[in-house]
Structures are given as C-alpha cells and as structure tokens.
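Secondary and tertiary structure notes
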Amino acid sequence: MGFRKRPFYVTRSNEKIPGILWTPEESAGALPLVILGHGENSEKRTAASLAIARRFVRRHGVAA
C-alpha cells in the first residue's frame, strides 16, 4: 500500500470531530504535514479526497 491510515478525534465544544492521518508506511520521526479539508456537506473519504491524500503521502513523503 505504501501508507498508514490512523483515525483520530478532536473535541471542540463537547463535540467529537473525526479525522484521518495518512503517513508513509516506512516513516520514522517528524514529517511535514499537509492539512486537507472538505466542504461542510462533503465526506472526507470521497475518491477525490483519498487520491489527494495518497498523492501527498506516496509521492512526496509527507503526512496528510
């Protein structure tokens, strides 16, 4: 696969907001981070969102 996917939650005003951290499979130590967002009415796991995240992780070796 070439990447690891780690779900996480951020709590804001007693609301749990889900997120996903994508990192290169063989990463060790600190990495640059690219933060990706989606529209309010969109799902973070759309084909386009996943393709962008995978491109940053696989081609550029950064976390997204």
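Along every chain, residues carry numbers that run from 1 in the direction the sequence is written. This being a predicted model, a pLDDT of at least 70 is required before a residue's local features are given, and a value of 80 or more before pairs of side-chain atoms are given or counted; all residues contribute to the totals for chains, interfaces and linings. Think of the side-chain values as coming from all heavy atoms in the structure, minus any hydrogens and water.

Here we look at the environment of K5
The line we're drawing: Runs of H or I in DSSP of at least four residues are treated as helices and runs of E of at least two as strands, each being numbered from the N terminus. Contact definition: two residues touch when any of their heavy atoms are within 4.5 Å.
Considering the arrangement of structural elements, one finds K5 in strand β1 (residues 3–12). The contact partners of K5, leaving out residues within four places of it in the chain, are I20, L21 and W22.

Things to note about the pairing of β1
For clarity, the threshold we go by: Pairs of strands are assigned from DSSP output, requiring at least two bridges between the strands.
The pairing of β1 with strand β2 (residues 15–24) spans ten bridges and is classified as antiparallel. Across the sheet, the residue bridging to R4 is T23, located in β2. Here β1 folds back onto β2, and the loop between the two strands holds two residues, one of which, S13, carries a positive phi near 50°.

Thoughts on the packing of aromatic side chains
Selection criterion: Note on aromatic contacts: the rings of Phe and Tyr and the six-membered ring of Trp form a pair at centre separations within 6.5 Å, being stacked when their planes are under 30 degrees apart, edge-to-face when over 60 apart, and tilted otherwise. Each residue gets one of three labels from its accessible area relative to the maximum for its type: buried under 20%, exposed over 50%, partly exposed in between, using a 1.4 Å probe on protein chains only. Distance and angle both matter: a charge sits over a ring if NZ of Lys or CZ of Arg is within 6 Å of the ring centre and within 35 degrees of the ring normal.
In total, this model carries one aromatic pair according to the counting rule given. A centroid spacing of 4.9 Å and a plane angle of 50° characterise the contact between F3 and W22, whose relative ring orientation is tilted. Residue F3 is found in strand β1, and its partner W22 is found in strand β2; the two are separated by 19 residues along the sequence. When its relative accessible area of 7% is taken as the criterion, F3 is described as buried. The ring of Y9 has K16 lying over it, and the distance from NZ or CZ to the ring centre is 4.5 Å.

Quick look at the nonpolar core
So the rule is basically this: Here, nonpolar core refers to any group of buried Ala, Val, Leu, Ile, Met, Phe, Trp, Tyr and Cys residues whose side-chain atoms link them within 4.5 Å.
By size, the foremost hydrophobic cluster in this structure holds seven residues: F3, I20, W22, L50, A53, V57 and A64. Mapped onto this core, the elements with two or more residues apiece are β2 and α1 (47–60). The dominant element in this core, judged by the number of residues it contributes, is α1, at three residues. Look past the residues within four positions of F3 in its chain and what remains in contact with it is W22, T23, P24, E25, R54, V57 and R58.

Keep in mind these numbers describe shape, not what the thing actually does.
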